[in-house]
Amino acid sequence: MQLVPINVQNKDFEKLMGIYNRAREQLVFQFETLKQALEEYCKYDVIDHITSRIKSPESIIGKMQKKNLDINYKNLIENINDISGIRIICTFKDDIKRVKELIKRIPNIEILNEKDFINKPKKSGYSAYHLIVEIPMKYEGQDIYVKSEIQICTMAMNFWATAEHKIKYKTKGKLSKIDSKKMEVYAKIINKNTIARPIAPAFKLVEIACSPSCAPTTLERSSSSSRDREPIRIVEARIDASS
């Protein structure tokens, strides 16, 4: 499949999208498990909700053209990292960092790249924390690694990202300088007024299930009584209020 030209109508492309979709489903399962565990421990929705999507064929080809890439499968796999996309929407701004650190401690997720659009928002005002990750999967008896993009943001940031996308889509990316400046100002107002949680309880993360067949994730106040339990293994992931 290396240098084969992409035809979005054939079975090879459909099969490849199926692999990315399986990766998306696996990550969503793990994050939903984490969401439930955090809610039970912290007594509020650290993660408010999770959304996900597979990039459309048109968007994939358009992005490759924008990058001046030859339209083949090798370039798609190596250079388009957000075909599988997951957005984790947190209740409070402080929770973004904590959720990010927990994700880094999930054993089967390898972090390839990070982009902090919270401390350094995009020119449009878009704000979120991005992770490009890679997870192992079985395909036709072989171990393969599939990339996905994870975006972590607050409800206010998610509202802005959704509104910005719709505005750009409606105008086909052609906004006047005045409207672009207005969007940037509005985004700063939204981000400035995002509520921060004043108290952050410390906790330890117990390993997240890697597939629906694995044991569910739980959070423990102390790892001492749980370290010998199988098949769940303790992962040291204490996050203090000052972190």
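What this report covers is the structure whose coordinates are included nearby. (Residues numbered from 1 in each chain as written. Predicted model: local features only at pLDDT ≥ 70, side-chain atom pairs only at ≥ 80, totals over all residues. Heavy atoms only, no water.)

### Looking at helix H4 (residues 94–104)
Two residues of an α-helix separated by three or four positions point the same way, owing to the 3.6 residues in each turn. Where we set the bar: Here the term buried applies to any residue with accessible area under 20% of the maximum for its type, exposed to any over 50%, and partly exposed to those in between, with areas from a 1.4 Å probe on protein chains only. Each helix corresponds to a stretch of at least 4 residues labelled H or I by DSSP, and each strand to a stretch of at least 2 residues labelled E; elements are numbered beginning at the N terminus.
For H4, a buried count of eight out of eleven residues is recorded, marking the element as mostly surrounded by other parts of the structure. Asp95, Ile96, Arg98, Val99, Lys100, Glu101, Leu102 and Ile103 are the residues of H4 that are buried.

### A closer look at unusual backbone geometry
Phi at Asn68 takes a positive value of approximately 60°, unusual for a residue other than glycine. Secondary-structure assignment places Asn68 in the loop between helix H2 (57–66) and helix H3 (73–79). A positive phi is found at Glu140, a non-glycine position, where the angle reads about 50°. Exposure remark for Glu140: the relative accessible area of 64% places this residue in the exposed category.

### Description of a positive patch on the surface
The following threshold applies: Note on patches: the residues involved have over 30% relative accessible area and no salt bridge, like charges join within 9 Å, and the nonpolar side chains Val, Leu, Ile, Met, Phe, Trp and Tyr join within 5 Å. What sets the accessible areas is the Shrake-Rupley method with a 1.4 Å probe; for residues, cover comes only from the shown protein chains. Here a salt bridge means any side-chain nitrogen of Lys or Arg lying within 4 Å of a carboxyl oxygen belonging to Asp or Glu. Positive charges are assigned to Lys and Arg, negative charges to Asp and Glu, while His and the chain termini are left out of the count. By convention, the charge on Lys lies at NZ, on Arg at CZ, on Asp at CG and on Glu at CD.
The grouping of Lys66, Lys67, Lys115 and Lys122 at the surface amounts to a positive patch. Looking at where Lys66 falls in the secondary structure, it is placed in helix H2. Judged by its relative accessible area of 75%, Lys66 is exposed.

### Remarks on the pairing of strand S5 (residues 142–154)
Spelled out, the test is: Paired strands, in this sense, are two strands between which DSSP finds at least two bridges.
In this sheet, S5 lies alongside strand S2 (residues 84–90) in parallel orientation, the contact comprising six bridges. Each bridged residue has a counterpart across the sheet, and for Cys90 the counterpart in S5 is Thr154. Between strand S4 (residues 129–139) and S5, which pair antiparallel in sequence order, lie two residues; one of them, Glu140, sits at a positive phi of approximately 50°.

### Side note on the layout of surface pockets
Definition in use: The definitions used throughout rest on a 1 Å grid laid over the protein atoms alone, on which a cavity is an enclosed set of points accommodating a 1.4 Å probe that cannot get out and a pocket is an open set flanked by protein within 12 Å on both sides along at least five of seven lines; lining residues are those having an atom within 4 Å of a point. Grid points are joined across faces, edges and corners, and a volume is the space filled by probe spheres set on the points. Put simply, Ala, Val, Leu, Ile, Met, Phe, Trp, Tyr, Cys and Pro go in the nonpolar bin, Asp, Glu, Lys and Arg in the charged bin, and everything else, Gly too, in the polar bin.
Its volume calculated, the largest pocket comes out at about 1,400 Å³. Around the largest pocket, the lining is made up of 36 residues, and of these Arg53, Lys55, Lys63, Asp82 and Gln151 lie nearest the centre. Listing elements by their share of the lining of the largest pocket, those giving two or more residues are strand S1 (47–54), H2, S2, strand S3 (110–116), S4, S5 and helix H5 (155–170). When the residues that make up the lining of the largest pocket are grouped by side-chain class, the tally is eight nonpolar, 14 polar and 14 charged.

### Some remarks on the sheet that holds S1
Stated precisely, the cut-off is as follows: Structural elements are reduced to axes, namely lines fitted to C-alpha atoms, with helices fitted over the stretch in contact, and the angle between N-to-C directions of any two is expressed from 0 to 180 degrees. Two residues form a contact once any of their heavy atoms are found within 4.5 Å.
Sheet architecture is open: five strands sit in the order S1-S2-S5-S4-S3, paired in mixed fashion. Sheet topology places S1 and S3 at the edges, where each strand pairs with a single neighbour. The mean angle between the axes of side-by-side strands here comes to 25°, regardless of whether they run parallel or antiparallel. Of the strand pairs in this sheet, S4 and S5 are connected by eleven bridges, and their pairing is antiparallel. Bridge pairing in S5 places Ile132 opposite Glu149. Each of S1, S2, S4 and S5 is contacted by helix H1 (residues 11–42), which is oriented at about 175° to S1, the strand it contacts most.

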